[in-house]
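A look at the structure
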Amino acid sequence: MKKIHFIRHGITEGNLKRWHYGWADIPLAPEGMEKLKRLREENIYPRPEKATYYTSGMLRAEQTFEIIYGKREHKVAEKMKEMNFGEFEKKTYEELKDDPRYIEWMKDMTGAVSMPGGESKNGFFLRIMEGLKELTDGMADGDELICVCHGGVIACVMMDLFGSEMKEFPTWIPEPGRGYSVTLDAKEGTSYEDI
């Protein structure tokens with residue numbers, strides 16, 4: 001049995017202003033820091049005796065990691081960054097709704113349309129699957145891993161592992177500071193619990 005704990009970073013200005021943002025390297029908002037501290041005090045975060053720790057390397061993930069786990073040694077899983085929104089970074093739906101390129105991306109059912117200077121939905125999903133494989137390839141039975149990353153990243157992983165639940169992508173995105181503990185067990189199958 002192997003366990004991976006995926007934790008979404010805390011609240012940022014981008015969350016508060018409802019931006020499309022992924023590769024914009026923005027910090028946590030003060031509200032995000034406070035909420036993470038409260039959640040930490042509620043003891044919701046996994047603290048296995050032996051675990052390998054990762055972040056996406058983005059500032060908001062690094063800050064979240066430090067609030068929860070302190071200045072602990074960890075690795076960076078670069079492929080677990082949020083979607084690259086290219087020219088749409090740090091813009092809201094209201095700012096983009098009349099842009100034909102945005103409309104094309106929003107209406108695209110194939111996942112093949114890339115945002116200008118950014119990724120397509122398919123490209124993002126494939127990158128996350130490669131990142132997940134890199135994380136799990138080195139795991140042995142009994143290993144635990146903690147990865148502080150992003151809502152879209154976590155939703156991709158959960159869609160891939162638990163697609164049979166027929167949930168839509170947005171329903172898999174955890175609230176900031178929350179996530180899932182996923183158990184990978186060859187005998188029992190894969191299961192998860194909310195963090």
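Residues numbered from 1 in each chain as written. Predicted model: local features only at pLDDT ≥ 70, side-chain atom pairs only at ≥ 80, totals over all residues. Heavy atoms only, no water.

A look at the overall build of the protein
Short version of the rule: A run of H or I in DSSP becomes a helix once it reaches four residues, and a run of E becomes a strand once it reaches two; helices and strands are each numbered from the N terminus. With C-alpha atoms as the basis for the radius of gyration, the globule rule is written as 2.2 Å multiplied by the number of residues raised to the power 0.38. When a residue's accessible area, from a 1.4 Å probe over protein chains only, is under 20% of the maximum for its type it is buried; when over 50% it is exposed; and in between it is partly exposed. Note on definitions: a residue-residue contact is assigned when non-hydrogen atoms from the two residues lie within 4.5 Å.
Across its full length, the protein carries 7 helices and 8 strands. In terms of C-alpha radius of gyration, the protein reaches 17 Å, essentially the compact-globule figure of 16 Å for 195 residues. Per-residue burial over the protein gives 48% buried out of 195 residues. For the protein, restricting intrachain contacts to residue pairs at least 6 apart in sequence, the fraction spanning at least 24 positions comes to 65%.

Details of the environment of M106
Mapping M106 onto the fold places it in helix 5 (residues 100-107). Residues M106 and G131, spaced 25 residues apart in sequence, show a C-alpha to C-alpha distance of 25 Å.

Notes on the packing of helix 6 (residues 121-137) against helix 7 (residues 151-161)
For clarity, the cut-off: To obtain each axis, a line is fitted to C-alpha atoms, and for helices this fit is confined to the stretch in contact; angles are then taken between N-to-C directions over 0 to 180 degrees. By definition in this entry, angles of less than 35 degrees are roughly parallel, angles greater than 145 are roughly antiparallel, angles of 65 to 115 are roughly perpendicular, and the rest are oblique. Under this grouping Gly is polar, as are all residues other than the nonpolar Ala, Val, Leu, Ile, Met, Phe, Trp, Tyr, Cys and Pro and the charged Asp, Glu, Lys and Arg.
At a minimum axis separation of 10 Å, helix 6 and helix 7 run at an interaxial angle of 75°. With respect to their mutual orientation, helix 6 and helix 7 come out roughly perpendicular. Together, F124, F125, I128, M129 and L132 of helix 6 and G152, V153, C156, V157 and D160 of helix 7 make up the contact between the two elements. A breakdown of the residues in the contact of helix 6 with helix 7 according to their chemical character gives 8 nonpolar, 1 polar and 1 charged.

Quick notes on the nonpolar core
Here is a general trend for soluble globular proteins: nonpolar side chains tend to be buried in one another's company. Just so we agree on the cut-off: Nonpolar core, defined: a set of buried Ala, Val, Leu, Ile, Met, Phe, Trp, Tyr and Cys residues in which side-chain atoms within 4.5 Å join the residues together.
Counting 33 residues, the largest nonpolar core has F6, M80, I128 and C147 as the members making the most contacts within it. Counting only elements with at least two residues in this core, the list comes to strand 1 (2-8), helix 5, helix 6, strand 6 (144-149), helix 7 and strand 7 (179-184). If one sorts the elements of this core by residue count, helix 7 sits on top with 6 residues. I128 has contacts with K79, M80, K81, V153, C156 and V157, leaving out every residue within four places of it along the chain. Counting 14 residues, the second largest nonpolar core, distinct from the first, contains F65, I68, I146 and I195.

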